[in-house]
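Report on the structure
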Amino acid sequence: PDLGRIVVIGGAGKLGMLFVRMFRLSGYQVDILEQGDWDNADALFANAGLVVVSVPINLTETIIAKLGCLPKDCVLADITSIKSKPLQAMLNAHQGPVVGLHPMFGPDVGNLAKQVIVCCDGRGKEQYQWLLEQMQIWGARIYDVDAKQHDEAMTLIQALRHFTTFVYGAHLAEENPDIQQLLDLSSPIYRLELAMVGRLFAQDPTLYADIILASDNNVAMIRRYAERFMQAAEMLERNDKDGFIRSFEMVSDWFGDYSTQFLRESRNLLLQANDNRQFVNVDN
């Protein structure tokens, strides 16, 4: 009750709007600060108990640098998909409590039940603990991790995955197959994979470009992946079946018990995907 107001910078954006809605449903007084509102920023910040930065990656540090006038006890948070640089920028700009958050979901979720929100501590954890508890009340699961470890993991979880999906989609476009025929002939697993590729290209390309280009480490990882891809292709060109099997078994050993766990989980997903499959009558 004594928090004051919440200011969401970029609150008219899709993800920012989701958090604005959740805060308001929970009874908080929320203000939205957009690009044309900076003349009123000092007045909005004067009574703020929480400021959330929800802007594109390439603008995050620039926006944070403008936040040197926040009340001392105001919590400053961001919800950007990279953490080390934004977190350091917030620590430099604000002397009060600071926390870096990364919602591991998109703005199209219906609610936050079982959704993961990554938390990277900056300063004053006891002062922003209420925020974590509020998100848990919404149903979210909080995962605490060091900002550097987060960014290293996101290189694999986001940057490399999005890039390989992009390349596969580009390859399909160049080969120009009949997508409907691919779907008609697909097993549930390939249909699901194809749906995940198509899903990427239904979204904002700027977002994915920013995620992939956010770090030099991302590009270095992609380069190593490309080299391993070519090594595997050369193995096939040599018709080295034994080499393929040895490599396969090595990777299987690395996955260990996770292989059987993922096999069980994927079976359940595929059963659901097959139940939801929509067949098209080719005569119509």
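This text goes with the structure placed above it.
As a starting point, this report considers the structure included with it. Residue positions are given per chain, counting from 1 as you read along its sequence in written order. The model is predicted, so local features are restricted to residues of pLDDT at least 70 and side-chain atom pairs to those at 80 or more, both for listing and for counting; the totals for chains, interfaces and linings are taken over all residues. Side-chain numbers here rest on the full set of heavy atoms in the structure, without hydrogens or water.

Notes on the overall build of the chain
- Counting its regular elements, the chain contains 12 helices and seven strands.
- Burial here depends on accessible area, computed with a 1.4 Å probe over protein chains only, as a share of the maximum for the residue type. Under 20% is buried, over 50% is exposed, and the range in between is partly exposed. For the chain, with 284 residues in total, the buried portion stands at 36%.
- For the chain, the exposed surface amounts to about 17,800 Å²; the carbon and sulfur share of it is 54%. Secondary structure elements are defined from DSSP: runs of H or I of at least 4 residues count as helices, runs of E of at least 2 residues count as strands, and each element is numbered from the N terminus. Areas reported as accessible are Shrake-Rupley estimates using a 1.4 Å probe. Residue values count occlusion only from the protein chains shown.

Some remarks on the packing of helix H6 (residues 147-175) against helix H10 (residues 216-237)
- Note on method: axes are straight lines fitted to C-alpha atoms, helices fitted across the in-contact stretch only, with angles between N-to-C directions ranging 0 to 180 degrees. Taken N-terminus to C-terminus, the directions of H6 and H10 make an angle of 60 degrees; their axes are 10 Å apart at the nearest point. Viewed along their axes, H6 and H10 adopt a mutual orientation that is oblique. Where H6 crosses over H10, the handedness of that crossing is right-handed. For the pair H6 and H10, contact is made by Thr 155, Leu 156, Ala 159, Leu 160, Phe 163 and Thr 164 and by Asn 217, Asn 218, Met 221, Ile 222 and Tyr 225, respectively.
- Residues are grouped as follows: Ala, Val, Leu, Ile, Met, Phe, Trp, Tyr, Cys and Pro are nonpolar; Asp, Glu, Lys and Arg are charged; all remaining types, including Gly, are polar. Residue composition of the contact of H6 with H10, grouped by class: seven nonpolar, four polar and no charged. Angular relationships are summarised with four words: roughly parallel below 35 degrees, roughly antiparallel beyond 145, roughly perpendicular across 65 to 115, and oblique for the angles in between. Handedness of a crossing is defined here by the sense of rotation of the near helix relative to the far one, left-handed for an anticlockwise turn of less than a right angle and right-handed for a clockwise turn. It only takes one pair of heavy atoms within 4.5 Å for two residues to be counted as in contact.

Quick word on the nonpolar core
- Counting 28 residues, the largest nonpolar core has Phe 19, Phe 23, Leu 101, Leu 112 and Met 135 as its most contacted members.
- Considering each element in turn, this core owes the most residues, six residues, to helix H1 (residues 14-25).
- When sequence neighbours within four positions are dropped, the list of residues in contact with Leu 112 reads Leu 18, Met 22, Phe 105, Ile 117, Trp 138, Gly 139 and Ala 140.
- The next biggest cluster of nonpolar side chains, apart from the first, holds 26 residues, and it includes Phe 45, Ala 48, Val 51 and Ala 93. Nonpolar core, defined: a set of buried Ala, Val, Leu, Ile, Met, Phe, Trp, Tyr and Cys residues in which side-chain atoms within 4.5 Å join the residues together.

A short note on the packing of H6 against helix H8 (residues 188-200)
- Two elements in contact, H6 and H8, have axes separated by 9 Å at closest approach and are oriented at 100 degrees. Viewed along their axes, H6 and H8 adopt a mutual orientation that is roughly perpendicular. Contacts between H6 and H8 involve His 162, Thr 165, Phe 166, Tyr 168, Gly 169 and Leu 172 from the first element and Tyr 190, Leu 194, Met 196, Val 197 and Leu 200 from the second.

Functional significance is not addressed by these values, which are geometric in nature.
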